[in-house]
2 protein chains.
Amino acid sequence: MACIGSGRLCAHVEKLCQFGHFTQLRRKVSTTTCVKSRPVISRTSGTLLQRCQNKTNTQDSRINLARATSTMQTQMPGSLPDYQIDPYRLIEDDLKDIFDEIRLELINNNTQEELHPISTYYFDGQGKAIRPMFTILMARAINYHNGRNDLSHSQRQIAMISEMIHTSSLLHDDVIDQSDFRRGKPSVNVVWSQKKVAMAGNYILAVTCMMISRIRNDDVTVTISQIINDLVQGEFMQLGSKETENERFAHYLTKTYRKTSSLIANCVKAVNVHCFSLFISAQINVGLAFQLVDDLLDFVASSAAMGKPTATDLKLGLATAPVLFACERYPELNAMIMRRFQEPGDVEKAFELVHKSNGLEQTRFLAKKHCVEANKIAQSFAKSPYQKALMIMTDLVINRMK
Amino acid sequence: MACIGSGRLCAHVEKLCQFGHFTQLRRKVSTTTCVKSRPVISRTSGTLLQRCQNKTNTQDSRINLARATSTMQTQMPGSLPDYQIDPYRLIEDDLKDIFDEIRLELINNNTQEELHPISTYYFDGQGKAIRPMFTILMARAINYHNGRNDLSHSQRQIAMISEMIHTSSLLHDDVIDQSDFRRGKPSVNVVWSQKKVAMAGNYILAVTCMMISRIRNDDVTVTISQIINDLVQGEFMQLGSKETENERFAHYLTKTYRKTSSLIANCVKAVNVHCFSLFISAQINVGLAFQLVDDLLDFVASSAAMGKPTATDLKLGLATAPVLFACERYPELNAMIMRRFQEPGDVEKAFELVHKSNGLEQTRFLAKKHCVEANKIAQSFAKSPYQKALMIMTDLVINRMK
């Protein structure tokens with residue numbers, strides 16, 4: 001059995017780029033779209049967080065000014081429409097103990113006391129739990145489609161595994177990127193040494209492998225191994241850049257598939273190895289939309305709302321969708337992209353130009369397009385509260401503020 | 001099915017320590033034992049290696065003096081006895097393409113060109129290939145014991161996996177320890193950035209997971225997952241130290257089991273999930289002996305012979321068996337162990353004291369004891385060239401010079 005390999009998606013993305021899809025897309029985009037918002041309460045986590053925020057605030061004064069005068073305003077009054085179903089409430093029983101159970105797995109397989117707090121640091125219930133949410137909703141929607149109204153033990157385990165693989169990669173990211181804070185508290189690498197954090201990341205992956213093996217389904221093992229491989233490939237792609245505009249878009253979208261979509265999509269494959277490939281396509285679209293919005297929020301949301309520093313991608317030398325779109329109006333960005341925003345003033349200048357351009361609106365338009373595609377597929381499922389909740393979740397992906 | 005968990009071994013090791021096993025052992029050891037040697041040809045690898053060696057040579061002048069006046073001399077003329085069977089020749093057909101096939105796996109699962117040279121850097125045929133050697137010999141010996149004279153595809157895959165898990169951990173070790181050179185050439189982290197090397201380590205592990213899943217045997221997956229977990233736990237244990245002498249020995253041996261023995265022993269479990277636990281015990285003994293000799297060689301062999309710097313453990317703050325044994329005669333080592341040899345002169349002083357003590361002989365005696373135990377078990381196998389070769393390999397573990 002083949003799982004959703006990267007090759008097919010890459011070919012698809014490259015085809016889109018060759019045919020000038022993104023150039024056409026840019027022309028279609030309206031410049032008036034706004035991100036809907038919910039009031040956000042900032043969380044604090046003691047003096048260390050305050051220190052990180054102060055440091056970032058000082059560095060970012062020019063960035064904040066650009067944000068204030070941006071074509072895309074956030075933090076606007078108003079709220080999301082009242083949906084009849086609350087997806088979190090709907091699967092509350094499936095979700096509520098997931099973090100406790102992950103912590104228990106990490107404690108039970110370990111004899112080194114100090115590994116406990118490090119490996120469980122991000123399993124504190126403060127994450128968005130997007131991956132287990134989508135995994136459980138898709139599992140239940142597919143089960144319902146197949147005439148069942150349950151969630152099997154293995155399917156729930158896969159939801160846990162989805163969050164564990166993601167978190168393991170966060171630990172490695174934090175070490176590699178030397179992050180300051182995440183999820184409203186000091187990053188794990190600020191609290192413990194790089195060595196220990198890197199090993200804790202490996203440890204989470206090791207326990208994940210043990211959990212996968214306990215599911216005793218070879219197709220699941222193959223599928224989840226592909227996710228781990230895709231994550232590494234995506235991370236590696238992020239270190240490189242391409243010469244031409246279209247090549248860069250293909251590179252960016254393939255990287256996004258590998259770093260984000262593959263996990264969300266292949267977990268759906270894992271919860272039902274015989275499901276239609278269309279269902280997996282839906283989740284590829286959701287994954288791409290999720291990351292596009294993440295890249296957008298890095299430009300428009302405040303650090304307090306995000307619980308982590310913003311404009312991080314530029315500081316790390318990464319050109320994400322908003323910058324790539326902004327290149328059309330401001331070609332001077334090309335040189336900055338090639339030197340990975342390393343010269344003094346590059347980050348601030350690029351940030352300003354993105355806000356002056358319609359790169360943010362184009363990014364949101366593209367994300368929305370992927371969500372529409374995902375919801376079109378979801379409509380082909382048997383009607384159920386889970387199908388409805390999936391569509392609401394897709395809306396939340398577009399409208400989220402962090 | 002439970003695989004060889006760490007708990008049982010730990011309990012065993014702790015029991016030995018509680019009953020003063022190591023104190024008795026120290027008294028038994030003769031101070032006249034010498035390590036047998038083969039003439040060693042130093043490999044060079046261009047100017048970068050030369051630079052690393054020069055740097056190490058300057059730092060190590062006092063260490064070299066201590067080595068020259070040590071109670072344990074190495075590089076003595078002479079050679080190993082002529083065995084009737086050459087284990088490498090015996091399984092040449094099984095072994096010869098292993099590195100090519102590993103490289104192929106790493107190339108086939110990857111689209112990022114730069115990942116190729118990094119992830120295949122240590123699969124250059126210059127390693128000792130101890131893990132695939134033991135895995136294949138044990139597989140063939142067990143098959144023969146069960147009336148078969150073959151090696152299955154899965155068993156050979158597990159031999160490849162054993163080398164890949166080990167190499168993945170080498171990449172992470174090199175990043176964490178900031179190594180200079182290994183296997184006679186600049187370490188991988190000297191040639192590429194830490195980020196890329198860390199990711200390449202993850203990549204090797206990801207491909208390993210994919211290979212495990214293709215074997216489609218859940219017991220194998222469980223067993224190999226345990227190895228990955230043990231490796232992380234062992235690595236983490238290495239960062240800590242214990243207050244009392246006996247606690248330290250238990251800690252050291254458990255760490256050694258997890259970092260080295262578990263891989264060698266559980267691969268035997270993986271090649272035949274129904275094999276007697278006695279066969280696995282044999283490999284636990286071999287693994288412990290292998291690491292004890294490695295720790296010994298770090299004190300007595302030259303950098304050129306080892307292909308990597310020596311006295312590395314002390315420089316990394318690690319107290320291995322030779323130091324732990326030397327504490328009895330030189331209790332001033334206890335304070336140095338507790339401060340992880342961080343004060344100026346600690347490394348050189350500890351190195352001198354180990355050579356003045358009989359810590360090296362005691363280490364070798366303990367390694368030999370484990371080898372005798374392993375060979376006693378091997379004698380219970382059905383007689384075959386593989387059984388004989390296993391016993392020869394165990395001798396080579398004791399007598400190796402690198």
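Cut-offs applied
Residues numbered from 1 in each chain as written. Chains lettered and ligands numbered in written order. Predicted model: local features only at pLDDT ≥ 70, side-chain atom pairs only at ≥ 80, totals over all residues. Heavy atoms only, no water. Phe/Tyr/Trp six-rings, centres within 6.5 Å; stacked < 30°, edge-to-face > 60°. Helix = DSSP H or I, 4+ residues; strand = E, 2+ residues; numbered from the N terminus. Buried < 20%, exposed > 50% of the residue type's maximum accessible area, 1.4 Å probe, protein only. Domains from an automatic or database assignment. Contact = heavy atoms within 4.5 Å. Buried area = accessible area lost by both parts, 1.4 Å probe. Salt bridge = Lys/Arg side-chain N within 4 Å of Asp/Glu carboxyl O. Polar contact = N/O pair within 3.5 Å; in protein donor to acceptor, adjacent residues only side chain to side chain. Nonpolar A, V, L, I, M, F, W, Y, C, P; charged D, E, K, R; others polar. Least-squares fit on C-alpha atoms with pLDDT ≥ 70 in both.

Considering all chains together, one arrives at 14 aromatic pairs over all chains under this definition. When the centroid spacing of 5.4 Å and the interplanar angle of 90 degrees are considered together, the rings of B:Tyr121 and B:Trp192 count as edge-to-face. Taken as a pair, B:Tyr121 in the loop between helix H8 (115-119) and helix H9 (130-145) and B:Trp192 in the loop between helix H11 (188-191) and helix H12 (194-215) lie far apart in primary sequence, 71 residues in all. There is no split in this pair, since B:Tyr121 and B:Trp192 are both buried. Here B:Phe279 and B:Phe381 contribute two aromatic rings whose centre-to-centre distance is 4.1 Å and whose plane-to-plane angle is 55 degrees, an arrangement assigned as tilted. Highlighted residues: B:Phe279 in helix H15 (residues 277-300) and B:Phe381 in the loop between helix H21 (359-378) and helix H22 (385-399), separated in sequence by 102 residues. By relative accessible area, B:Phe279 is classed as buried at 3%. The exposure class assigned to B:Phe381 is buried, which follows from its relative accessible area of 4%. Here a set of aromatic residues connected by ring pairs shows up, and it is made of A:Tyr121, A:Tyr122 and A:Trp192.

All names here are of chain A. As assigned here, chain A comprises domain 1 (81-247) and domain 2 (276-401). Taken together, the 32 residues of domain 1 in the interface contact 33 residues of domain 2. With both chains or domains summed, domain 1 and domain 2 bury close to 2900 Å², and 73% of this area falls on carbon and sulfur atoms. One can count zero salt bridges joining domain 1 with domain 2. The interface formed by domain 1 and domain 2 contains three residue pairs in polar contact (both at pLDDT 80 or more). For the side of domain 1 that touches domain 2, the secondary-structure elements that each account for two or more residues are helix H5 (87-90), helix H9 (130-145) and strand S1 (181-182). Taken together, the residues of the side of domain 1 that touches domain 2 sort by class into 16 nonpolar, six polar and ten charged.

Mapping one chain copy onto the other needs a rotation about an axis and a shift along that axis. By a simple turn and slide, chain A fits onto chain B: the slide is 0.0 Å along the axis, the RMSD is 0.0 Å, and the turn is 180 degrees. Taken together, these values place the two copies in the relation of a two-fold axis. No C-alpha of chain A approaches the rotation axis more nearly than that of A:Asp218, which lies at 3.7 Å.

Take the interface of chain A and chain B next. On the chain B side, the residues contacting the 37 residues of chain A number 37 residues. Carbon and sulfur atoms make up 65% of the area that chain A and chain B hide from each other, which totals about 3700 Å². Among the residues of chain A in contact with chain B, A:Met199, A:Arg216 and A:Phe236 are the three that bury the most area, contributing 19% of the side total. For A:Asp219, the salt bridge is made with B:Arg216, and the minimal N-O distance between the two is 3.2 Å. Taken together, the links from chain A to chain B amount to 16 residue pairs in polar contact (both at pLDDT 80 or more). Listed by contribution, the elements that provide at least two residues to the side of chain A that touches chain B are helix H8 (115-119), helix H10 (153-177), helix H12 (194-215) and helix H13 (218-237) of chain A. Element by element, the count of residues in the side of chain A that touches chain B is highest for H13(A), at 13 residues. Residue composition of the side of chain A that touches chain B, grouped by class: 15 nonpolar, 13 polar and nine charged.

This part covers the pattern of salt bridges. Note that side chains of opposite charge can pair when their charged atoms are close. On inspection of all chains with the given rule, the structure shows 34 salt bridges over all chains. Salt-bridge contacts for A:Arg214 lead to A:Glu105; the nearest nitrogen and oxygen are separated by 2.5 Å. With a gap of 109 residues between them, A:Arg214 in helix H12 and A:Glu105 in helix H7 (residues 98-108) connect regions that are remote in the sequence. A residue is classified by how much of its surface remains accessible, and A:Arg214, at 43% relative accessible area, is partly exposed. B:Arg156 is paired through a salt bridge with B:Glu101; the nearest N and O atoms lie 2.8 Å apart. One end of the pair, B:Arg156, is in helix H10 (residues 153-177); the other, B:Glu101, is in helix H7 (residues 98-108), with 55 residues separating them in the sequence. We classify B:Arg156 as buried; its relative accessible area is 15%. Its relative accessible area of 26% is what places B:Glu101 among the partly exposed residues. One network of salt bridges, with partners in common, ties together A:Asp173, A:Glu235 and A:Lys259.

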